[in-house]
Amino acid sequence: MPIGRFTRSASVLAAGLLLTGMAGAPASAASGPNLKVTAVAQQGHWLLGEYVGLDVTVSNIGDSVVSGAFGTAYSESGTAFWVDQHQWGDLDDSGTGATIAQGETRTLHLTGQLGSTYYGDSVVHVEVYGAGDTDYSDNVQRVTVPLATGTERVAGVLYGDTNGDGKPSPGEALAGARVRFFGVGTTLEMYTTTDATGHFAYDGLPLSRIAYLSFDRLPGGWIGPDLPDLRLDGRGAYTALEVAATRPLSDVLHETLTLDKASYAAGDTGKATVTLTNSGTKPLTGLFLNCDAGGFGSELTVTDDQWGAFGYQRKEGTLAAGQRIVLTATGKVPDKAAYTGVTGLDCSAQDGHTGGAPYVSATAKVPGKVADSRGQVWLDKDGDNAPDAGEGMAYRNLVLLENGAIRAYARTDTGGYATFKGVPVGNYELRVLGPWKAAVPDGGALNVSAPPYGGGEWLVQFVAN
Ligand SMILES: [Ca+2]
Ligand SMILES: [Ca+2]
Ligand SMILES: [Ca+2]
């Protein structure tokens, strides 16, 4: 509905129109100001929440100036359509109104936003008013903003472009990859898998202003590409997608990391050597090292500037095809490392845009302190992925291994709990003697730290070996 000043003005105008009719003269022949409006909505199959252009032309086709001219636009029926009134400039009905000379034409490029609930096509009422308008029949125009309808199919093929021709070729299908679809505000995450020919399909999807399609768990080291957002308006723009996977950066960029010693004391300076090699046939640019020094507080405190052009701040490293470069940096072994028994460094080498960056880490010991280490080992007997009463591994012998050698023993109590006494701080592998193995690949990894570090009791799940 019209608001504020415009509402009052329009009711006054209606009285004027009635008087003109009583005089019996053709409206167009009357002398005085006469505003005329035309409006055109931006073409499209519009979706809820989208912004739509509305071009409005306001002309004074009368023979005298119009003062106090206002305009408004609002949805009369159908899906809501909101136009910020301030876009009308001096025709904004919260001001004093515009002055438009006879013969003058104003063009306004307005933008409205569709509402978030579907009520069909939006019928937008566009109206202008000026004092003393001699013919009101041309002051209102209704324009329809058509809304998209139906559902959408998203389907296509995932391939690895081995022969580099930019399209799927025989033998390039990537089967068994996980596909994820998500329509913002319209669907939950929906997963499917590419078939033996690399194809995937989603049918009957709700229309969506923004939707995402992504791929992971690809075979052969391929990486799912970053695809542009999808806009599902029911016209089938995505029914035959050809999605090219990408190769990981680690195919051509190789990284190693070594430390100058196997053991340090807190306060020592450690030296890290990173080697980068480009085994590809093209130059690599924009390279940088992303080293998580300080992430756990025990790593060498290496400053980024020591990597030169390959620093995270600069991101200017380059490697010609076949080139190898050796980078070194030094850093202090932090005090905390004396309590965790470990220091080191980990770095990924990236180019800022290619997935599958190489990542390496190296550790060294920081011996001296000893600590007790207590925790529980358990079997998930009822398969609910949670440790329950009665699932502790009672009266079992446990060992801590370092590089395969036994460094400590302990025996569990009736609840599966055990304490390793006086263990040198550091990284170990926890094992239950017998036909058992830690439930996940690195599930047996255990760091023994001295107080105040260390996170209390550990809890490690085992499964039958
Ligand atoms: Ca008029
Ligand atoms: Ca191809
Ligand atoms: Ca359980």
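Going by what an unreviewed UniProt entry lists, the chain is known as SD-repeat containing protein B domain-containing protein and is assigned to Amycolatopsis pretoriensis.

Draft legend 1. Structural view of the packing of aromatic side chains. Counted according to the given criterion, the structure contains 6 aromatic pairs. Consider the rings of phenylalanine 200 and phenylalanine 215, whose centres lie 5.2 Å apart with planes at 70°: the pair is edge-to-face. Taken as a pair, phenylalanine 200 in strand β12 (residues 199-206) and phenylalanine 215 in strand β13 (residues 208-216) lie far apart in primary sequence, 15 residues in all. The pair phenylalanine 200 / phenylalanine 215 is uniform in exposure class, with both members buried.

Draft legend 2. View of the sheet that holds strand β4 (residues 81-83). One open sheet accounts for 4 strands, arranged β1-β2-β6-β4; its pairing is antiparallel. Only two strands of the sheet have a single partner each, and these edge strands are β1 (35-41) and β4. Taking the axes of each pair of neighbouring strands and ignoring which way they run, one obtains an average angle of 30° across the sheet. Here β4 pairs with strand β6 (residues 105-114) via 3 bridges, running antiparallel. For valine 83, the partnering residue across the bridge sits in β6 and is glycine 112.

Draft legend 3. Representation of the coordination of the calcium ion (ligand 3). Distances from the calcium ion (ligand 3) to its protein donors, Asp380 (OD), Asp382 (OD), Asp384 (OD), Ala386 (O), Asp388 (OD), Glu391 (OE) and Glu391 (OE), fall within 2.2 to 2.6 Å. Along the chain, the residues that donate to the calcium ion (ligand 3) are spaced as D-x1-D-x1-D-x1-A-x1-D-x2-E.

Draft legend 4. Structural context of the domain arrangement of the chain. What the domain assignment lists for the chain is domain 1 (4-145), domain 2 (151-247), domain 3 (250-365) and domain 4 (370-464). With 6 residues of domain 1 at the interface, the matching set in domain 2 holds 7 residues. When domain 1 packs against domain 2, the two sides together hide about 520 Å² of surface, and 56% of this comes from carbon and sulfur. Contact with domain 2 buries surface across domain 1, with His45, Leu47 and Glu50 losing the most and accounting together for 82% of the total. Our enumeration of links across domain 1 and domain 2 arrives at 1 salt bridge. Here arginine 231 makes a salt bridge to glutamate 50, at a shortest N to O gap of 2.6 Å. In this structure, the connection of domain 1 to domain 2 is made through 4 residue pairs in polar contact (both at pLDDT 80 or more). Tallied by class, the residues present in the side of domain 1 that touches domain 2 amount to 3 nonpolar, 2 polar and 1 charged.

Draft legend 5. Layout of unusual backbone geometry. Cis geometry marks the peptide bond from proline 451 to proline 452, where omega comes out at 10°. Residue placement: proline 452 occurs in the loop between β30 (445-448) and β31 (458-464). At arginine 217, a position not held by glycine, the phi torsion is positive, near 55°. Position of arginine 217 among the secondary structure elements: in the loop between β13 and β14 (230-232). Classification of arginine 217 as exposed rests on a relative accessible area of 60%. Even without being glycine, asparagine 403 reaches a positive phi, approximately 50°. As for its position among the elements, asparagine 403 is in the loop between β25 (397-402) and β26 (405-411).

About the criteria used
- Residues numbered from 1 in each chain as written.
- Chains lettered and ligands numbered in written order.
- Predicted model: local features only at pLDDT ≥ 70, side-chain atom pairs only at ≥ 80, totals over all residues.
- Heavy atoms only, no water.
- Phe/Tyr/Trp six-rings, centres within 6.5 Å; stacked < 30°, edge-to-face > 60°.
- Helix = DSSP H or I, 4+ residues; strand = E, 2+ residues; numbered from the N terminus.
- Buried < 20%, exposed > 50% of the residue type's maximum accessible area, 1.4 Å probe, protein only.
- Pairing = 2+ DSSP bridges.
- Axes fitted to C-alpha atoms, helices over the stretch in contact; angles between N-to-C directions.
- Donors = N, O, S within 2.8 Å, 3.2 Å for Na, K, Ca; no water.
- Domains from an automatic or database assignment.
- Contact = heavy atoms within 4.5 Å.
- Buried area = accessible area lost by both parts, 1.4 Å probe.
- Salt bridge = Lys/Arg side-chain N within 4 Å of Asp/Glu carboxyl O.
- Polar contact = N/O pair within 3.5 Å; in protein donor to acceptor, adjacent residues only side chain to side chain.
- Nonpolar A, V, L, I, M, F, W, Y, C, P; charged D, E, K, R; others polar.

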